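What follows is the residue order along each chain.
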Amino acid sequence: MATNKKKQPSVKKKNSRARRKIGKAPGTITYLGKREKTASVLKVIEYDEQKLEEFETSDVDALASFRAGPCTSWIDVVGINDESFIEHLGKVFGLNPLLLEDAVNTEQRPKIDDYGDYLFGVFKMLYLDEQKNIVSEHVALVLFENTVILFQELEEDVFSGVRNRLRAKTGRIRARGADYLFFALIDSIIDHYFEILESINAKIEILEEEVYQDPTPEVAHRIQDLKKEVLKVRKWIFPMRELVGRLLDSESKLISKDTQPFLRDALDHCVEINESLQIYREMSMSLMEMYMSNMSNKMNEVMKVLTIMASIFIPLTFIAGIYGMNFKNMPELNTEYGYYVVWGLMIVLFIGMLFYFKRKQWL
Amino acid sequence: MATNKKKQPSVKKKNSRARRKIGKAPGTITYLGKREKTASVLKVIEYDEQKLEEFETSDVDALASFRAGPCTSWIDVVGINDESFIEHLGKVFGLNPLLLEDAVNTEQRPKIDDYGDYLFGVFKMLYLDEQKNIVSEHVALVLFENTVILFQELEEDVFSGVRNRLRAKTGRIRARGADYLFFALIDSIIDHYFEILESINAKIEILEEEVYQDPTPEVAHRIQDLKKEVLKVRKWIFPMRELVGRLLDSESKLISKDTQPFLRDALDHCVEINESLQIYREMSMSLMEMYMSNMSNKMNEVMKVLTIMASIFIPLTFIAGIYGMNFKNMPELNTEYGYYVVWGLMIVLFIGMLFYFKRKQWL
Amino acid sequence: MATNKKKQPSVKKKNSRARRKIGKAPGTITYLGKREKTASVLKVIEYDEQKLEEFETSDVDALASFRAGPCTSWIDVVGINDESFIEHLGKVFGLNPLLLEDAVNTEQRPKIDDYGDYLFGVFKMLYLDEQKNIVSEHVALVLFENTVILFQELEEDVFSGVRNRLRAKTGRIRARGADYLFFALIDSIIDHYFEILESINAKIEILEEEVYQDPTPEVAHRIQDLKKEVLKVRKWIFPMRELVGRLLDSESKLISKDTQPFLRDALDHCVEINESLQIYREMSMSLMEMYMSNMSNKMNEVMKVLTIMASIFIPLTFIAGIYGMNFKNMPELNTEYGYYVVWGLMIVLFIGMLFYFKRKQWL
Amino acid sequence: MATNKKKQPSVKKKNSRARRKIGKAPGTITYLGKREKTASVLKVIEYDEQKLEEFETSDVDALASFRAGPCTSWIDVVGINDESFIEHLGKVFGLNPLLLEDAVNTEQRPKIDDYGDYLFGVFKMLYLDEQKNIVSEHVALVLFENTVILFQELEEDVFSGVRNRLRAKTGRIRARGADYLFFALIDSIIDHYFEILESINAKIEILEEEVYQDPTPEVAHRIQDLKKEVLKVRKWIFPMRELVGRLLDSESKLISKDTQPFLRDALDHCVEINESLQIYREMSMSLMEMYMSNMSNKMNEVMKVLTIMASIFIPLTFIAGIYGMNFKNMPELNTEYGYYVVWGLMIVLFIGMLFYFKRKQWL
Amino acid sequence: MATNKKKQPSVKKKNSRARRKIGKAPGTITYLGKREKTASVLKVIEYDEQKLEEFETSDVDALASFRAGPCTSWIDVVGINDESFIEHLGKVFGLNPLLLEDAVNTEQRPKIDDYGDYLFGVFKMLYLDEQKNIVSEHVALVLFENTVILFQELEEDVFSGVRNRLRAKTGRIRARGADYLFFALIDSIIDHYFEILESINAKIEILEEEVYQDPTPEVAHRIQDLKKEVLKVRKWIFPMRELVGRLLDSESKLISKDTQPFLRDALDHCVEINESLQIYREMSMSLMEMYMSNMSNKMNEVMKVLTIMASIFIPLTFIAGIYGMNFKNMPELNTEYGYYVVWGLMIVLFIGMLFYFKRKQWL
């Protein structure tokens, strides 16, 4: 029942994609997420090595000058389901409509596109909520020479570390330009993937224990859920390696030489994450195998009990049945110790059987 | 029975391919579809930014001038089983016989060929009919500088969105040339693949629920059908990624620079579709695994019931059998409370067994 | 028994390969097939656009002039187990001994070698015999500028369509040179592969039905045979794609530009065939899985019958046993309606059990 | 229980990675290992062909001159959890902060980075402890023109062979520069991988025997543990092949031409190790399969015993039941030899059953 | 027991590798085989087109001049466990120590190294001993301009065919140089791989028959042994394809143009061998699957017998039990034909059951 409920919305959401998109021209800005329409808010951080200013606004036009301003600025667009607002923002900053379509398409696969004057990236940020469930949020980034625009659906994000380092004044991040900020945001997303990996790893270890101790059907179900979770996470994380690799190889003038070693470091992390995911996948497949083998063991146990009980008592019952027959002429019945002899015979049979099963190591 | 019927035609159709093709020269125009022979109809849309004209005709020669006309035109050839008509059309537009062979070969794998003066593509358009079954229709496209020729078997297609946008006058599509129309048609085909993916995903989720609740053999059969469906859909969709990729990399003069970003967008969709198909494939394999594990569980359940019943009552029956023997000398039989003692013994045994199975967690 | 017989020759044949080859110098012409030694016959078709001549001969020297004759000629060598004849033919046409070794090596993997003045190809032609079994025959082709030499073991082949088109005078094939003939022969081999695919597909569909209806061990055996057949066919067909691809990419002067689009078409077919084989392979693996799941179902059925019968009647038999005991003092036995009460109790138990199993959905 | 305990720390350790790293700037030196904070010790070996000097120090500044000294020196940093010490050392030798981060990151995947003036590598050294468990230790290497810096967590390592060869004076190692020392250390790590492979191989062979002799659930559990071990070892070892390959292809001026053949030799070993790991992986998967098949065999055995016992005695008990009925008019009961006839019948049935099961090869 | 014995030495041998190698400098000549130390013998064949001389010696220095002699010579070093002898030979012929290390390392993976003046190759020769077991022997080859040095452990080898062709005087081999001899030796090794493949194929066919006829646990064990054998053989044979391919692509001046077509032929064989191994691998995996399905069938058979016996006789026994009760008031007991009616009822039940199981196709 619960499973059923959990899945319904996901089906509905997916259905709506095809329904909302089919027949529309490419480049049409169509929000595909599940949130209700709310006003977008712009949170701006403007900084250079000396000063840092933070403010909120919803007036896009006031920000037009930032694109080529003297300071580095980070414009954080919170709320992307007001399609006309996004379109206006796109016009002010001279963004390609195809870019805007991807920026609000919450189903968009991770990608990085080089538009010459600006770089555009779509990522999935993954984090754990209080119930330790994996939450995935769509994030889009635009890198201009001096400005980074960040599109996100909700206020919660994985970037508080970056904000703190910016405010701290002492860090390297204040001294460097927008490209380093762009890297720092991606790096922050990748760092949180490790948290996801760890939560998957913990689940695998718990399931391993349970499969071994008590392989109920419910455990099999959770193993399958885990496998699906790994598949889903892989779908979101897997492209990162190639994206960061391509960013490194590209010769975009927007990425300075100083930022490249940091990107290489991020690439290393992506490679490691993908390898871990691969291992988790194999481990989750092993779990199912282990489950099946434990089921077999249990069945064997059950069968042994049945076989031992039946093999011991069916022959004994047969003997009792013999002397329960009503033939007139059954000499044994009239002997004085016949009854005790039969008891003796039965006890011998019983012990013989026990030995037999002992020797077969069924006991 | 029903399954049997459903499959017969597919066998017959396939057989006919080899039978109709073997021994013929390559380049022989041979319709391989299942439709009965009907006259082909040409539906023409001629447009530029100012005006749009729609008409139907079956006179090919009248269209010869369109190939290099001032407006953009879309010639939609509905019905491709009149081989002589297709041959004539090919001559009028100067098309290669090998192209025509592929255009009417409804078994043709998706492909894009560059003939220098024109581009040729074969695609599968997939959509859901009213019963939510996946329908696949063969589509062939020829792109000239100013004209797109579309070959299709039936009138139904996935291009109504494109037609509406053309008629709407305001859209980008009216302002751009035949290459954008060519892209828009391919994009429309790809967009409909998402609908197919969603229907597969929905089926997986329903089957997941059923495997968990009630794993009948019929469910196993439907899982296998799903796996075959995924294989078939993959066969049709999978080549698209490479085709669109090659189209992008090719330097055909027929594809203008303005259309390229749109093609890149379509390529992104193809990549995403292929990844989803891969995930669905793994999920459908997991379904079967889950089914087997649930079957094992059920078997275990059945065995436990049998074992508990047999283990409890066989020993009791044995005891009853003992005192059903007819020995003359059985002292217990003549005691006053022997019968009650035996009942007591049986009840103790019964309760003992229950405790034993309780401890084994079989109850 | 039958299976056993069928396999023996294949083992023997294989053994002989190693035995006949080991220790011989490379380039030694060694026939590896199973046919008894018979005289080779040369069937020649000489043609140009105007005239066509057909004759049989066994005099190789008379054909020496054909290699560079004014007409196109097709020399069909039927029977390749007379090693000295083949050697003589090789000398007359100036063929490399390694080529001749491959031409008569019926175990040779498909290959295409470019010897500069001539191209050499080895292929497997596959067709169905009357019993619908797949027959594989070794074929070797040499392409000179004006001549194609074809080596085959038996008269039966898949080239009757090509012969008919040659004789028909009107076809494109008469107007084109030896390279088109070379292509037409390969194309004919590839076309017949579709027939094989269809026969495999038909087998899969029959087995699918049988697995579902009646999964006997014999069906499992036939699934395994099918899997082996797919493996074997794949071994023969799979290399074709690469070979035709390489032929296209090579810049052999023997292949004219006009023939290239036809080769590209053949390549498309090879790609499609390989994809189908891949799908058939996955489907045959699914068959075995389905078989196992149906076996499990059957077992479950059997177990349920046993469990229901035993669970219902063992307790009833126990009750009957109780009142079959011979204790002197068993008050129930002497009551007037005791017997009917017991019957009542038994019927209640019986119905209760039925309800219990009904609720468990075992009935 | 034991398994449970063994796993707890690994979860904790992993958790800490994300917790310690998230929100920190890249390049922050963060020790991720499990050791408690202890002072780092520097063990220096300074040598040329004539002389060799060994000493311990903890004064980094004194070593600054070594980087470009006349002799070759090997600085072995034992203990890497004093982050400020590492930072100071980095400054003295002019090392990139990202390098230092990786040097103390005990979770770092094996890597080799070329920083121009120096090469940096991270490796896992694997060895067996006394209980034959696989121990993995993080090792980082920096190669300057005349100096190799080695970072390791503990004093134990796999480099005693290298130290002995250095002290021996006669070996090639004394005559060659720092690049050969760098190679010798990597080679020593790789050599120890063979020991690990052998221990895995031994485990596989023991498990094979046990699966065959006595497939208890505990054996299945150990097979799964083995599979996880192979996965883990593969994760650490697998990247080595690519790393050494890249080192060979790189044109770093730090690797002299004389050292290249030795690196090629090390690459060969890596290839061989990876192949062996692949084989072990397949063998460990076969083990599980074998286990399942043996479980099936056992189940079959159990079922046969039950079926034979039940099939023989249930019909006999039925016959005894017949003549235990109390009908007044049962003529057989009053015949003189009825009882013996029934015994005869039962013995015939018994023997018949035995023959039947013998013929079925169940006995 | 037997299996146990067979495996012990293999463990020991492997253990010794790590033990003997760890801590030694690379390039140290360390024999890793299992043979006891014996003197090495040099068997020399010196030949050109006119003359051929064969002799045995153990004096390496006398052969120094052969390296650049006027004739082609083949120096066959039999016995490689005298490490000092090998070292001396290496000095006389100017061989790299790393080469010598590989030449005596019987665990060395197949490889070909180009040392400029000479080519070096390590191969595994595989042949069947009298008991049809696969024997693998380590072989190393050095090709100088005029000389081939062959290192092998024992006198037995697969090269008798080459020797005979050399002695025969008429063959091509006498007319060609050392590079052709080098090729002929490799070709001879590859030719013997076919023998191995055939023996594996024969084993698969025997096992297939046995799995079908009589799937005992011993058969499962032999299937696993076969799988391991295929893995091992693949490990030795698989690298050959790449090695021969690289030899062809290399532009070593030691390989003349005339020898290249022969190498290409050898490459073809390698490709074919690898494909066959791949097929054998899949077939051996299918065997296990087939085994499991036959086990399931057998289980089903057993269960059916049990269920039929129990389902028929348990209800009948219950009826007999009813009329074995001792109630005073049981009217049926006193009727004249009650006994016969009960028999009639039982026979009807019996036949009904038989029909029921017949209809279920369990009989």
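Residues numbered from 1 in each chain as written. Chains lettered and ligands numbered in written order. Predicted model: local features only at pLDDT ≥ 70, side-chain atom pairs only at ≥ 80, totals over all residues. Heavy atoms only, no water.

Draft legend 1. Main features of the UniProt feature "transmembrane region" (unreviewed entry) in chain A. Residue and element names in this part refer to chain A. In this structure's numbering, the residues bearing the UniProt feature "transmembrane region" (unreviewed entry) are residues 305–325 and 337–357. Helix makes up 86% of residues 305–325 and strand makes up 0%, while its end C-alpha atoms are separated by 30 Å. Counting secondary structure, residues 337–357 comes out at 95% helix and 0% strand; the distance between its end C-alpha atoms is 30 Å. (UniProt positions renumbered as here; feature names shortened; annotations may be inferred. Helix = DSSP H or I, 4+ residues; strand = E, 2+ residues; numbered from the N terminus.)

Draft legend 2. A look at the sheet that holds strand E3 (residues 72–78) of chain D. Residues and elements named next belong to chain D. Taken in spatial order, the 7 strands make up an open sheet running E2-E1-E3-E7-E6-E5-E4, and their pairing is mixed. Looking at the sheet topology across the chains shown, the edges are occupied by strand E2 (52–57) and strand E4 (111–114). Neighbour-to-neighbour, the strand axes of this sheet turn through a mean angle of 20 degrees, independent of strand direction. When strand E6 (residues 134–143) meets strand E7 (residues 147–152), the two strands line up antiparallel, connected through 5 bridges. Note on E7: the bridge partner recorded for Ala140 is Phe151. Sitting on the sheet, helix H2 (residues 83–93) touches strand E1 (41–47), E3 and E7, and the angle it makes with E3 is about 160 degrees. The strands that helix H8 (residues 239–249) touches are E4 and strand E5 (119–128); relative to E4, the one it contacts most, it runs at about 20 degrees. (Pairing = 2+ DSSP bridges. Axes fitted to C-alpha atoms, helices over the stretch in contact; angles between N-to-C directions. Contact = heavy atoms within 4.5 Å.)

Draft legend 3. Representation of the sheet that holds strand E4 (residues 111–114) of chain B within the structure. All names here are of chain B. Taken together, the 7 strands give an open sheet; going across it, the order is E2-E1-E3-E7-E6-E5-E4, and neighbouring strands pair in mixed fashion. Sheet topology places strand E2 (52–57) and E4 at the edges, where each strand pairs with a single neighbour. Averaged over neighbouring strand pairs, the angle between their axes works out to 20 degrees when direction is ignored. Relative to E2, strand E1 (residues 41–47) runs antiparallel, the two being bridged by 6 bridges. Across the sheet, the residue bridging to Ile45 is Glu54, located in E2.

Draft legend 4. Representation of the domain arrangement of chain A in the model. The domain architecture assigned to chain A consists of domain 1 (23–294) and domain 2 (296–359). Taken over C-alpha atoms, the centre of domain 1 of chain A sits 73 Å from the centre of domain 2 of chain A. (Domains from an automatic or database assignment.)

Draft legend 5. A look at a nonpolar patch on the surface. Nonpolar side chains collect at one region of the surface, where Ile347, Phe350, Ile351, Leu354, Phe355 and Leu363 of chain A lie side by side and expose about 550 Å² of accessible area between them. Looking at the element boundaries, Leu363 of chain A is found in the segment after helix H11 (338–359). (Patch = residues over 30% accessible without salt bridge, like charges linked within 9 Å, V, L, I, M, F, W, Y side chains within 5 Å. Areas by Shrake-Rupley, 256 points an atom, 1.4 Å probe, with all protein chains shown as cover. Salt bridge = Lys/Arg side-chain N within 4 Å of Asp/Glu carboxyl O.)

Draft legend 6. Examining the interface of chain B and chain A more closely. Listed by partner, the interface residues are 64 residues for chain B and 68 residues for chain A. Between chain B and chain A lies a buried interface of about 5,800 Å² when both sides are counted; carbon and sulfur atoms form 61% of it. Applying the counting rule to chain B against chain A returns 7 salt bridges. A salt bridge links Glu282 of chain B to Arg281 of chain A; the shortest N-O distance between them is 3.2 Å. Counting across the chain B and chain A interface gives 17 residue pairs in polar contact (both at pLDDT 80 or more). Secondary-structure elements contributing two or more residues to the side of chain B that touches chain A are helix H4 (160–167), helix H6 (178–213), helix H8 (260–322), helix H9 (331–334) and helix H10 (338–359) of chain B. Looking at which element gives the most residues to the side of chain B that touches chain A, the answer is H8 of chain B, with 33 residues. Residue composition of the side of chain B that touches chain A, by class: 28 nonpolar, 17 polar and 19 charged. (Buried area = accessible area lost by both parts, 1.4 Å probe. Polar contact = N/O pair within 3.5 Å; in protein donor to acceptor, adjacent residues only side chain to side chain. Nonpolar A, V, L, I, M, F, W, Y, C, P; charged D, E, K, R; others polar.)

Draft legend 7. Molecular detail of the interface of chain C and chain E. At the interface, 66 residues of chain C touch 63 residues of chain E. Here chain C and chain E share an interface that buries about 5,900 Å² over both sides, 61% of which is from carbon and sulfur atoms. Of all residues in chain C, the largest losses of buried area upon contact with chain E belong to Pro26, Arg109 and Tyr339 of chain C, amounting jointly to 12% of the total for that side. Here chain C is connected to chain E by 7 salt bridges. Note that Asp268 of chain E and Lys111 of chain C form a salt bridge whose closest N and O atoms lie 2.6 Å from each other. Summed over the shared surface of chain C and chain E, the result is 17 residue pairs in polar contact (both at pLDDT 80 or more). Those elements that provide at least two residues to the side of chain C that touches chain E are helix H1 (2–21), helix H3 (97–104), helix H7 (217–237), helix H9 (260–322), helix H10 (331–334) and helix H11 (338–359) of chain C. Ranked by residue count, the leading element in the side of chain C that touches chain E is H9 of chain C, at 20 residues. Each residue belonging to the side of chain C that touches chain E can be placed in one class, and the counts come to 33 nonpolar, 13 polar and 20 charged.

Draft legend 8. Local environment of the relation of the copies chain B and chain A. By a simple turn and slide, chain B fits onto chain A: the slide is 0.1 Å along the axis, the RMSD is 0.1 Å, and the turn is 72 degrees. The superposition operator between the copies reduces to a five-fold rotation axis. No C-alpha of chain B lies nearer the rotation axis than that of Gly324 of chain B, which sits 4.4 Å from it. An asymmetric contact is evident, with only 19% of the interface residues of chain B recurring at the interface of chain A. (Least-squares fit on C-alpha atoms with pLDDT ≥ 70 in both.)

Draft legend 9. Fine view of the side chain of Ser252 of chain D. Among the structural elements, Ser252 of chain D can be located in the loop between H8 and helix H9 (260–322). Excluding residues that lie within four positions of it along the chain, Ser252 of chain D makes contacts with Asp114 and Leu119 of chain D.

Draft legend 10. Highlighting the environment of Val77 of chain B. Residue and element names in this part refer to chain B. When you line up the elements, Val77 lands in strand E3 (residues 72–78). Given a relative accessible area of 0%, Val77 falls into the buried group. Discounting residues that sit within four places of it in the chain, Val77 has contacts with Val41, Leu42, Phe85, Ile86, Leu89, Ile149, Leu150, Phe151 and Gln152. (Buried < 20%, exposed > 50% of the residue type's maximum accessible area, 1.4 Å probe, protein only.)

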